[in-house]
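Breakdown of the fold
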Amino acid sequence: MISSLLAQAWTAPTIDWHAIAPELVLIAGINLVLLIDLWLDESKKWAMATLTGFVMLGAVIPVVTLAVLGGDVRDAIFDGRYVVDEYALILKALFLLVGYVVVLLSQNELEEGGYYQGEFYVLMLVSVLGMVMMASSRDLLSVFVALELLSIPAYMMAAWRKRDVKSNEAGVKYYLLGVFASGVLLYGMSFLYGTTGSTKLTEIGAALSGDLTGMQVLAVVFVVAGFAFKISAVPFHTWAPDTYEGAPTPVTAFLSVASKSAGFVALLTVLYLGLYGADEVHGPFIWAMAALTMTVGNMVALRQTNIVRMLAYSSVSQGGFILMPLAVMGTGAAESSLRAVVIYLLIYAFSNLGAFAVIIAVARKTRSGEISSFGGLITYAPGLGVLMTIFLASLAGIPPLGIWIAKLQAFKALIDAGSSSAYVLAIIAAVNTVIAAGYYMRVLRQIWMSPVPDGDTTPVSPPSSIWLALGITAGGTVVLGILPGLVLRFADLPDLTGALGL
Amino acid sequence: MQTITNDTWLLTVGTFLPLVGVLLMMFVPASEEKTHKQIGILTSAVTAAVGVYTLLRFDFDQSEKLQFFVDSEWITVIKSNYTIGLDGISLPLYFLSMVVTLLVMIYTWDNMPDAGNPKSFIILMLVLQVGMAGSFIAQDLILFFVFFEVVLLPMYFMIGVWGGDDRQYASLKFFLYTMFGSALMLVAFLALFFQTGAASFSFAHLMEAGALIDRDVQIWIFAGMFVGFAVKVPMFPFHTWLPDAHTQAPTQGSVILAAILLKLGTYGFVRIAIPMLPQGAKAWAPVIGILAVIGIIYGALGCLAQTDMKRLIAFSSVAHMGFVMLGISTLTDFGINAALFGMVAHGLITGMLFFVAGSVKHRYHTLEISRLSGMLIQMPRLGWILGFAAMASLGLPGLAGFWGEFPAILSAYNPNFGLSEALFRTLMVVAAIGTVFAAAYLLWLYQRTAFGRPNPEFEQGAHHPVGAGVNDEHHDVDLHDVTKIEWIAWTPFLIAIVVFGVYPQLMFGVMDPAVSLLIERVGAGIP
C-alpha cells in the first residue's frame, strides 16, 4: 500500500493563493493579535479591538478583488472540495462585516468590564475564520471542520463573564448541546460516507439519487437534525434563549447573527450539493421544523419581558422563516429557495445586529435588560428610539425596511413551488408575521408611548464605535429595503445551482 | 393598456416631495415647534401645488389612459418595476390625499394634540402622505404593496402616541388587523404572479393574464385579496378595529384615516382585485354585496347605540363604506362610478365631521353626546358647520354625499354580468332602508348636540364644571366659535362638498371613461 503510494511521483498541487487570501489574512491576523497581546501593556489593550477590526476589514479586500477580478469559479484548489464562487464570496463578505460590527459593539463592553480583551478577539477571529471557510466548503470534512472551528471559540465567548453564573450557564449549555449536535451530525455524516463512498458533496449528490436505502434515510435525518441544533430550529432550540440571555450582549449578537447564518450556510451547501436527491426525506422534515420553529418561537417570544430573551426567541422564529423556502427546494423551486435564504441571511444580519446595538447602547445607561427599561426612550434619546423603530419594524417585515424583501422572497419561493403543502406553510407564515409584529410593536410601544421609568431622562451617550455600528446596520437596513436589487443580484447564484444542472 | 408618457417627473416629485420636508426637519431641534409646523405646512403646500399642476397637465379627454406614465427598473430580479401612472380612477384620490394632508397640517398649527412633540407628529404625517399618494399612482403590484404598508407605522404611532386614553389598545388592534390582512394579500399577490406565468408584477400585464387563470384558482386568489382589502375598507365583519382606532386617534389621525386610508381598501378592489380576477370577482360579488349591506345596517344600528360623538361618526364610516362596497359589488359602470364618487365624498364629509368632533372635544373636553347641547346658541358657526356636514353625510341631494349613495343603491337594481337580480334588488331595498337609519342617527346626533339650551356645566365663564364627578379634569371652559385657522382648514372641504353636490359631473366626467374601460375589461374576462 505504502510502497504503491510512494511509487507515484508526487507533484505539488498548484495553489491559487489569491483564492484563499481572505483566510490567509485572517490567519495572519490571528497570530498577530495573539502575539501583540502578549507584549502589550494592560493600559493599551484598547488597541486590540482596533487591530481586530482592521484584520476583518483587511480580509474583505481580497474578497472584493476576487469578486471584481475572478469572473469564473475557482475550484481547482483542493479538488473542488473548497470552492470560491460568487455564493462563497458574498457570504464571506457578510461574515467579515458582521464580525467587524460585533467588534465595534464589544469594544466598550470589554474595556469597561476589564475582561480578557486580547483572548476574546483572538477567539472571535478564529470563529470568523471558521465561518469564512464554511462559505467555501464543499466537502463533508471541510464543512465539519469549519463548523467546529466556528463553534468552539463561541462556546467560550458565551461564558466570557467569568464571575457571572448566568454567563457560565450560557456557556455550558451551549457547549453541551453543541457538542451533542456535532456528534449527531458526525454520525449522520459517517453514514453518508459509508453508503456513498465519498465525502465530496457533489459526489454524494450523484450517488444519492433514486431510491434511498434505510441507512441513507437515517443519515439524511441525522445530518439535518445536527444542523438544526446550530440554527436553533424547534425542537432543537432549547439552548438558545438561556445562552443568549446569559452571554455578554455583543456575543449574543454574534451568535444570533453570524453563527446562525453559518449554520444556515452549511445546511444550504449540504442540502443543495449533497442531499437534493433526498428531498422526499428532508422536505417534510424541514417543512415541519419551519412551521414549528416560527410558531413556537413567536408564541414564547410574546411572553418575554427581557428584551434579549425576546430577541432570542424572535431570532428562533426568524430562523423558521429562513428555513421555510428550504422545505420546498425539491419541488421545482430550487433556485428561488436558494435565493430567498441567502437574501434573508444578508438582510437579517443588518437588522438584528442593529437591534442588539441599540440594546447595548441603552443598557449602558439603564443597566437593565427588561423591555420596560425602554420606556419613553424617544423622549430622551430620539436618535436611538428612531433607530430601534427602524430595526424592529424591519424585523417585523414592514416595507420599505430591509426584511420585507427577504420575507417576500421566502413567500415567493413557497408559492413558486405551488404545492398545497407549500400554500399551507405560506398561510402559517402569514399568520406568524402578524404574531411577530405583536411583540415587536410592544417594544416600540414602550419606546414611544410609555413614560420614562424612574423619570430618569439623562441623555444616553453611546461611544463612537457603537454609533458607527448603528450607522452601518441602519444604512444597510434602509438601503437594502428600498433598493433590494443591490443584493438580489448577488443572490442570483448560477454557480451553486449550476453544479446541480438546475 | 394605453399610456401617455408626458411630464414623467411629475408623479415622482409629487409623491416623494414630503420626504424633503422630513429631511429638513431632522436637522431642526425638536424644541423649535413653530419652525416644524411651518416646514410641515410649507412642504404639504408645495406638494399640493404640484398636485394642482398635475391637474392642469392632466389630459381630461383621455382620462381612461394612464398619464405621466413611468416604467423604469427597480427590482429586476423579482420582475418588479417602478411603474407609475395616473388615470381617471386614481386622479381624484391622489389629489384628495394631497389636499387633505395640507389642510390637516394647517389645522395642526393651533391644535396640536396634548402629547406635544410636533416634530415627530409632522414627520409622521408627511411619511403617511408619501405612502398614500404612492398607493394611488403605483402600477406595479409590489410597488403598490410597499406604499400600502408604508402607511401602517406612521398611523400606528399617530394613534398610539397622540391618541385618547385607550390609545395603546386601539393602535395595536389597528396594526395587527391590517398586518394580518396585508400578509394574506401578499400571498394572494404572489399566487397571482405565478399563476400568470411569473412574467411581471405590472398591473397591465396582470390584467391581461389574470383573466386567463382557471375560475377556481381565481376564486382562491380573490379570497386572499378580499381579506387584505376588506380589513382596510373596513367591511363587516373585519371592521372592529375601526371604531377603536377612530375614537382614540387624534383629530388629524381620524381625518386622514377617514378621508384617505380607508379608500386604499376600496381602491384596491377597483384597481387590482376586480380587473385582474374577473371571474373571481363575479363569484365573490354576491358575498361582497351581502356583507356591504350588513355593514350598512350594522353600522347604522351601531351609530344609534353610541353615546360618544366621535365613535358615532366612526360607525357611520362603516355604513358609508358599505354603500361604496355595494356599488362595487354590482360590477356595473354605474355602480363603480358611484363607489368612486362615494369614496371622495365620504372622505370630504366624514373628514369634516371628524374635524368638528375634534374642535368640540377641544372646547368642551368631552364628546359625550348627553353632556353636549345648545351648540347653536353657544357657538353658532360651529353648530351650523356640524349641521351642514351631517346633512351632507345623510345624503341630502345637492351635497356631495348624495351622489355616492343614491347611484350606488340604484345600480344594485341591475347588476352586471348575470349576477342574481333577485339578490341584488333585495340588497337594494335593504340599503335604501339604511339611508333612513342614516338620517335618523345623524339628525338625532344633531338635535341632541346643537339644539336646546346649553348644558349649565358649560355655561360661558364657568371655571369648574358642575357635574365634575364625571370628569376629574378641571379645564377652564372657553367656548369660542370657529377660529381663523379652522376656517382656513375647513373652507375647502365645505366648498368641495357643495361643488361636487351641485355639479357631480365634474368628477364623474373624469372617472367614467376609466371605469367603462375597466368594466369592458372585466366583461372580456367573464365567459
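Preceding block: the structure.
Residues numbered from 1 in each chain as written. Chains lettered and ligands numbered in written order. Predicted model: local features only at pLDDT ≥ 70, side-chain atom pairs only at ≥ 80, totals over all residues. Heavy atoms only, no water.

1. Observations concerning the overall build of chain A
Helix and strand counts for chain A come out as 21 helices and zero strands. For chain A, the C-alpha radius of gyration of 22 Å lies close to 23 Å, the compact-globule estimate for 502 residues. In terms of its C-alpha atoms, chain A occupies a principal-axis envelope of roughly 80 × 60 × 40 Å. Here chain A, with 502 residues, has 62% of them falling under the buried criterion. In chain A, the proportion of contacts linking residues at least 24 apart, taken out of those at least 6 apart, comes to 80%. Counting every atom, chain A has about 17400 Å² of accessible surface; 66% of that belongs to carbon and sulfur. Computed over 25 positive and 31 negative side-chain charges, the inter-centroid distance for chain A is 8 Å. (Helix = DSSP H or I, 4+ residues; strand = E, 2+ residues; numbered from the N terminus. Rg over C-alpha atoms; globule rule 2.2 N^0.38 Å. Buried < 20%, exposed > 50% of the residue type's maximum accessible area, 1.4 Å probe, protein only. Contact = heavy atoms within 4.5 Å. Areas by Shrake-Rupley, 256 points an atom, 1.4 Å probe, with all protein chains shown as cover. Lys, Arg positive; Asp, Glu negative; His and termini not counted. Charge placed at Lys NZ, Arg CZ, Asp CG, Glu CD.)

2. Describing unusual backbone geometry
Residue and element names in this part refer to chain B. Of note, the amide linkage connecting V233 to P234 takes the cis form, showing an omega dihedral of -10°. Here P234 is to be found in the loop between α9 (215-232) and α10 (241-248). With omega at 0°, the peptide bond leading from F236 into P237 counts as cis. Residue placement: P237 occurs in the loop between α9 and α10. Positive phi values are uncommon outside glycine, yet A198 reaches one of about 50°. Along the polypeptide, A198 turns up in the loop between α7 (167-195) and α8 (203-210).

3. Points about the pattern of salt bridges
Residue and element names in this part refer to chain B. Summed over the entire model, instances satisfying the criterion amount to 16 salt bridges over all chains. Measuring nitrogen to oxygen at the nearest pair gives 2.8 Å for the salt bridge that ties E486 to R363. Placement of the pair is E486 in helix α19 (residues 484-502) and R363 in helix α14 (residues 333-364), with a sequence separation of 123 residues. On the accessibility criterion, E486 (2% relative accessible area) is buried. (Salt bridge = Lys/Arg side-chain N within 4 Å of Asp/Glu carboxyl O.)

4. A few points about the side chain of S198 of chain A
All names here are of chain A. Mapped onto the elements of the fold, S198 is located in the loop between α7 (165-196) and α8 (201-207). Look at S198 and you get buried, because its relative accessible area is 7%. For S198, the side chain forms a polar contact with the main-chain nitrogen of K200, separated by 2.9 Å. Setting aside residues up to four positions removed in sequence, S198 forms contacts with Y193, E203 and I204. (Polar contact = N/O pair within 3.5 Å; in protein donor to acceptor, adjacent residues only side chain to side chain.)

5. Regarding the environment of P382 of chain A
Inspection of the secondary structure assignment puts P382 of chain A in helix α16 (residues 382-396). For the pair P382 of chain A and I30 of chain A, spaced 352 residues apart in sequence, the C-alpha to C-alpha distance is 39 Å.

6. Let's talk about the environment of A393 of chain A
By secondary structure assignment, the location of A393 of chain A is in helix α16. The sequence separation of A393 of chain A and S368 of chain A amounts to 25 residues, and the corresponding C-alpha distance is 22 Å. When sequence neighbours within four positions are dropped, the list of residues in contact with A393 of chain A reads I398 and L401 of chain A together with L153 of chain B.

7. Section: a nonpolar patch on the surface
Residue and element names in this part refer to chain B. Together, I495, V498, V499, V502, Y503 and L506 give the surface a local cluster of nonpolar side chains, amounting to about 530 Å² of exposed area. Top contributing element to the nonpolar patch by residue count: α19, with four residues. Examined against the element boundaries, I495 turns out to sit in helix α19. (Patch = residues over 30% accessible without salt bridge, like charges linked within 9 Å, V, L, I, M, F, W, Y side chains within 5 Å.)

8. A word on the packing of aromatic side chains
Enumeration according to the criterion identifies 44 aromatic pairs over all chains in this entry. Look at Y155 of chain A and Y174 of chain A: their rings are 5.0 Å apart centre to centre, the planes differ by 85°, and that puts the pair in the edge-to-face class. Taken together, the residues span a long stretch of sequence, with Y155 of chain A in helix α6 (residues 140-158) and Y174 of chain A in helix α7 at a distance of 19 residues. Of the residues examined, Y174 of chain A reaches a relative accessible area of 5% and is grouped as buried. Between Y107 of chain B and W490 of chain B, the aromatic rings sit 6.4 Å apart at their centres with planes inclined by 20°, giving stacked as the arrangement. Here the residue Y107 of chain B occupies a position in helix α3 (residues 91-108), and W490 of chain B occupies one in helix α19, the gap between them amounting to 383 residues. What makes Y107 of chain B buried here is its relative accessible area of 1%. For W490 of chain B, a relative accessible area of 0% translates into the label buried. An aromatic cluster of three or more residues is present, and its members are F144, F148, F203, F222, F226, F229, F238, F269 and W284 of chain B. Geometry around F321 of chain A places K407 of chain A over its ring, the cationic atom sitting 4.7 Å from the centre. Residue placement shows R425 of chain B over the ring face of Y413 of chain B; its charged tip is 3.9 Å from the ring centre. (Phe/Tyr/Trp six-rings, centres within 6.5 Å; stacked < 30°, edge-to-face > 60°. Lys NZ or Arg CZ within 6 Å of the ring centre and 35° of its normal.)

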